[in-house]
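Each chain is listed here by its residues.
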Amino acid sequence: MSKHNLFVGCGNMGQAMAAGWLLAGEDANSFTAVRPSGTPVPGIRTVQRLGEIDRPPDRLILGFKPQQLRDLSSDVARWATRDTVVVSMLAGADMAILRQLFPSARALVRVMPNLPVAVRRGVLPLLASDPEDKALQAELQPWFSMLGFAPWCASEEEFGAIGFVAGSTPAYVARFIAAFAAAGEGRGLDSGLALTAAREAVLGSAWLAATSGEPMAELARRVTSPRGTTEAGLKVLDAELPGLIDRTLGAATSRSAELAAEIRG
Ligand SMILES: NC(=O)c1ccc[n+]([C@@H]2O[C@H](COP(=O)([O-])OP(=O)(O)OC[C@H]3O[C@@H](n4cnc5c(N)ncnc54)[C@H](OP(=O)(O)O)[C@@H]3O)[C@@H](O)[C@H]2O)c1
């Protein structure tokens, strides 16, 4: 019988993960989702209450909001037995809090997925409660890798840093594409054509960056003729971009610290 994977809360991110696993060919019957609204999660059995679960989960995936953790944990902990791996995607809920709330679980795993898990090209750092439990890592690695790049991290710091580099990137890239499209419109392009051109240019460039094996500086150099147009553009971009990205990630990091403090209470 396949493993039973139970989502407690399955909104934006839970659904993205479920979509990725189904796309990878995972058995739809191995998933159940709890959603109080009863809104069905496409492709998998959805119930409104934990009380409706009839089969203990092998993997219990926490997919509600971090602020709900303390209120929901005692109900959820009943299902987190010594046969259950608790997988938490909750931002800001560190391993110490999870250990305290789910003391009987077989193991705890933190995951910080980004939205492209839905198309199996996500980045999803993983952190295990027992880094020495290599058997658990070997068991879970193929499952998480179905969703994209899934590295095991050595510390909360490494886990957090990968989350910051990758977690919000889909939003930042969406803004980047929209800004290029707007610039195209400003130069007289039809809006649909401008958006398609910008989106495909970003997709193709990312694809090339991922597959060519060249250093990023070399890729940029191949597009940059001396005294040419790209060189002129890069002079402006390079003056702003590193500082801008640093300030952007800094703001996200500060907000994460505030959220973590709220969870600790
Ligand atoms: N969005 C991201 O990019 C992202 C990235 C990494 C990690 N995360 C983490 O993922 C988690 C969910 O975020 P999200 O963006 O997916 O939020 P969301 O779309 O608001 O989903 C929250 C889910 O929790 C469910 N829920 C609410 N009350 C519940 C209860 N009492 N018992 C069980 N389930 C309950 C909701 O049910 P209904 O659907 O019925 O309302 C919904 O399915 C958060 O902890 C967040 O930190 C999100």
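Residues numbered from 1 in each chain as written. Predicted model: local features only at pLDDT ≥ 70, side-chain atom pairs only at ≥ 80, totals over all residues. Heavy atoms only, no water.

Counting across every chain of the model gives 9 salt bridges. Taking the shortest distance from any N to any O, the salt bridge between Glu 139 and Arg 106 comes out at 2.9 Å. Taken together, the positions of Glu 139 in helix 4 (residues 134-145) and Arg 106 in the loop between helix 3 (95-101) and strand 6 (107-111) put the pair 33 residues apart, joining distant regions of the chain. Residue Glu 139 is classed as partly exposed on the basis of its relative accessible area of 28%. (Salt bridge = Lys/Arg side-chain N within 4 Å of Asp/Glu carboxyl O. Helix = DSSP H or I, 4+ residues; strand = E, 2+ residues; numbered from the N terminus. Buried < 20%, exposed > 50% of the residue type's maximum accessible area, 1.4 Å probe, protein only.)

This brings us to the side chain of Arg 59. Along the chain, Arg 59 falls in strand 4 (residues 59-62). Its relative accessible area of 6% is what places Arg 59 among the buried residues. Contacts of Arg 59, omitting those with residues within four sequence positions, involve Lys 3, His 4, Asn 5, Leu 6, Val 85, Glu 139, Leu 140 and Trp 143. (Contact = heavy atoms within 4.5 Å.)

In this section: the domain arrangement of the protein chain. Split by domain assignment, the protein chain resolves into domain 1 (5-163) and domain 2 (169-264). In this structure, domain 1 and domain 2 have C-alpha centres spaced 30 Å apart. Each partner contributes residues to the interface: domain 1 has 12 residues there, and domain 2 has 6 residues. Roughly 670 Å² of surface becomes buried between domain 1 and domain 2 when both sides are summed, with 66% attributable to carbon and sulfur atoms. For domain 1, the biggest contributors to the area lost against domain 2 are Gln 67, Arg 70 and Gly 92; these three give 46% of the whole. The tally of links between domain 1 and domain 2 comes to 0 residue pairs in polar contact (both at pLDDT 80 or more). (Domains from an automatic or database assignment. Buried area = accessible area lost by both parts, 1.4 Å probe. Polar contact = N/O pair within 3.5 Å; in protein donor to acceptor, adjacent residues only side chain to side chain.)

Turning to the sheet that holds strand 2 (residues 31-34), a few remarks are in order. The mixed open sheet is built from 7 strands, whose spatial order is 3-2-1-4-5-6-8. On the outer flanks of this sheet lie strand 3 (45-47) and strand 8 (126-128), each paired with one strand and no other. For this sheet, the mean angle separating the axes of adjacent strands, direction not counted, is 20°. (Pairing = 2+ DSSP bridges. Axes fitted to C-alpha atoms, helices over the stretch in contact; angles between N-to-C directions.)

This part takes up the nonpolar core. With 30 residues, the main nonpolar core has Phe 7, Met 17, Trp 21, Val 109, Val 111, Leu 140 and Phe 144 as its most contacted residues. Put simply, the parts of the chain that give this core at least two residues each are helix 1 (12-23), strand 2, strand 5 (85-88), strand 6, strand 8 and helix 4. Sorting elements by how many residues they give to this core places helix 1 first, with 5 residues. Non-local contacts of Met 17, meaning those with residues more than four positions away in its chain, are made with Phe 7, Met 89, Val 111, Pro 113, Val 117 and Leu 147. Listed in part, the 27 residues of the second largest apolar core include Leu 6, Ile 53, Ala 93 and Leu 108. (Core = buried A, V, L, I, M, F, W, Y, C linked by side-chain atoms within 4.5 Å.)

With that settled, the discussion passes to the pairing of strand 5. Judged by which residues are buried, strand 5 turns out to be covered on both faces: Val 85 and Val 87 on one side and Val 86 and Ser 88 on the other are all buried. Pairing geometry for strand 4 and strand 5, over 4 bridges, is parallel. Across the sheet, Arg 59 pairs through a bridge with Val 85, a residue of strand 5. Of the crossover connections in this fold, the one passing from strand 4 over helix 2 (residues 69-77) to the parallel strand 5 is right-handed. (Right-handed = clockwise from strand over helix to strand, strands pointing away.)

Moving on, we come to the site of the ligand. Around the ligand, the surrounding shell holds 20 residues, and the nearest of these are Asn 12, Met 13, Arg 35, Ser 37 and Phe 64. Within the backbone of Phe 64, one N or O atom sits 2.6 Å away from an oxygen atom of the ligand. Between the ligand and the protein, one listed contact pairs a nitrogen atom with a side-chain N or O atom of Gln 68 at 2.9 Å. Contact with the protein chains hides 74% of the accessible area of the ligand, taken as 900 Å² for the molecule alone. (Near = heavy atom within 4 Å. Areas by Shrake-Rupley, 256 points an atom, 1.4 Å probe, with all protein chains shown as cover.)

Moving on, we get to the packing of aromatic side chains. Tallied over the full model, the rule gives 7 aromatic pairs. For the ring pair Trp 143 and Phe 144, a centre distance of 5.1 Å and an interplane angle of 55° mean the geometry is tilted. Note on Trp 143: relative accessible area 4%, which makes it buried. Connected via pairs of aromatic rings, a cluster forms that spans Phe 7, Trp 21, Phe 31, Trp 143 and Phe 144. Over the aromatic face of Trp 143 sits the side chain of Arg 59, whose NZ or CZ is 4.3 Å from the ring centroid. (Phe/Tyr/Trp six-rings, centres within 6.5 Å; stacked < 30°, edge-to-face > 60°. Lys NZ or Arg CZ within 6 Å of the ring centre and 35° of its normal.)

Another point: a nonpolar patch on the surface. A grouping of Leu 237, Leu 241, Leu 244 and Ile 245 is seen on the molecular surface, where their side chains present a nonpolar patch of about 310 Å² in accessible area. The topology assignment puts Leu 244 in helix 9 (residues 229-264). A relative accessible area of 42% places Leu 244 in the partly exposed class. (Patch = residues over 30% accessible without salt bridge, like charges linked within 9 Å, V, L, I, M, F, W, Y side chains within 5 Å.)

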